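Structure assessment
Listed below are the residues making up each chain.
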Amino acid sequence: VAEGLPFADTLAAVAAVADVPEALSAAAESGVASLEDVQAAFPAAARAALPVALRESAGDSAVDRFTAFVQGQVGGRAVAPREGDNPDAVLSRAQAAVSDGDLETALSEISALPEGALGEMAGWIADAEARTAVVTALESVAAAVTGAN
């Protein structure tokens, strides 16, 4: 799981001594993205989502729409965590969480983004959710096996 490789053979041995959660069974043949891969993919996903989020969250005035357009064209985004509910601040906090390996917090942060921005990040979200589900399931199996000993 840590390396992002399939783990069906190992899971079969575990299944002999513990119940295997669906999240593990579903991912066993193909594996899930490694934490390093999920971390490496975040900046590109965030860069793609930011202009969409800025357009979708821009106010109704011409100045708001123009400002969102310019910000989206510049392509820069904050990388240090910032306070606020604008898309750049949300993505900056998500980036910090991803860098810390806290995918659950990152997923929670980006859930505040507009629908179109989430669509731009769909691949990254799927990988992060799958990894989170597998790691959580793996922790529950490890606890069950440890408790059985």
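For clarity, every value in this text was computed on a predicted model and none was experimentally measured. (Residues numbered from 1 in each chain as written. Predicted model: local features only at pLDDT ≥ 70, side-chain atom pairs only at ≥ 80, totals over all residues. Heavy atoms only, no water.)

This part covers the overall build of the chain. Looking only at helices and strands, one finds eight helices and zero strands in the chain. Listing each helix as α and each strand as β along the chain from the N terminus yields α-α-α-α-α-α-α-α. Put simply, the chain has 149 residues, and 34% of those count as buried. Within the chain, contacts between residues separated by at least 24 positions form 61% of all contacts whose residues are at least 6 apart in sequence. Of the accessible surface of the chain, which amounts to about 8,200 Å², a share of 55% is contributed by carbon and sulfur atoms. (Helix = DSSP H or I, 4+ residues; strand = E, 2+ residues; numbered from the N terminus. Buried < 20%, exposed > 50% of the residue type's maximum accessible area, 1.4 Å probe, protein only. Contact = heavy atoms within 4.5 Å. Areas by Shrake-Rupley, 256 points an atom, 1.4 Å probe, with all protein chains shown as cover.)

Turning to the nonpolar core, a few remarks are in order. Buried together is how nonpolar side chains tend to be arranged in soluble globular proteins. Of all hydrophobic cores here, the largest spans 24 residues; its most connected members are F42, L91, I110, L113, M121, W124 and I125. When residues of this core are traced back to their parent elements, those giving at least two are α3 (35-57), α5 (87-99), α6 (103-110), α7 (115-120) and α8 (122-148). Among the elements that line this core, the one with the most residues is α3, at eight residues. F7, A27, A28 and A137 belong to the second largest nonpolar core, which has ten residues in total. (Core = buried A, V, L, I, M, F, W, Y, C linked by side-chain atoms within 4.5 Å.)

Below, the discussion takes up the confidence of the model for the chain. For the chain, per-residue confidence averages 86 on the pLDDT scale, and 83% of positions sit at 70 or higher. Across the chain, the element-wise mean pLDDT spans from 50 in helix α4 (residues 62-74) up to 98 in α6. (pLDDT = per-residue confidence, 0-100.)

Let us look at the pattern of salt bridges. Applying the stated criterion across every chain yields a total of one salt bridge. Of the charged contacts in the structure, one is a salt bridge between E109 and R93, with a shortest N-O distance of 3.1 Å. With E109 in helix α6 and R93 in helix α5, this residue pair connects regions lying 16 residues apart in the sequence. (Salt bridge = Lys/Arg side-chain N within 4 Å of Asp/Glu carboxyl O.)

Take R131: it is sitting in helix α8. Among the polar contacts listed, one links the side chain of R131 to the backbone oxygen of A33, at a separation of 3.2 Å. Leaving out residues up to four positions away in the same chain, R131 has contacts with V1, A2, V32, A33, S34, L35, V38 and L103. (Polar contact = N/O pair within 3.5 Å; in protein donor to acceptor, adjacent residues only side chain to side chain.)

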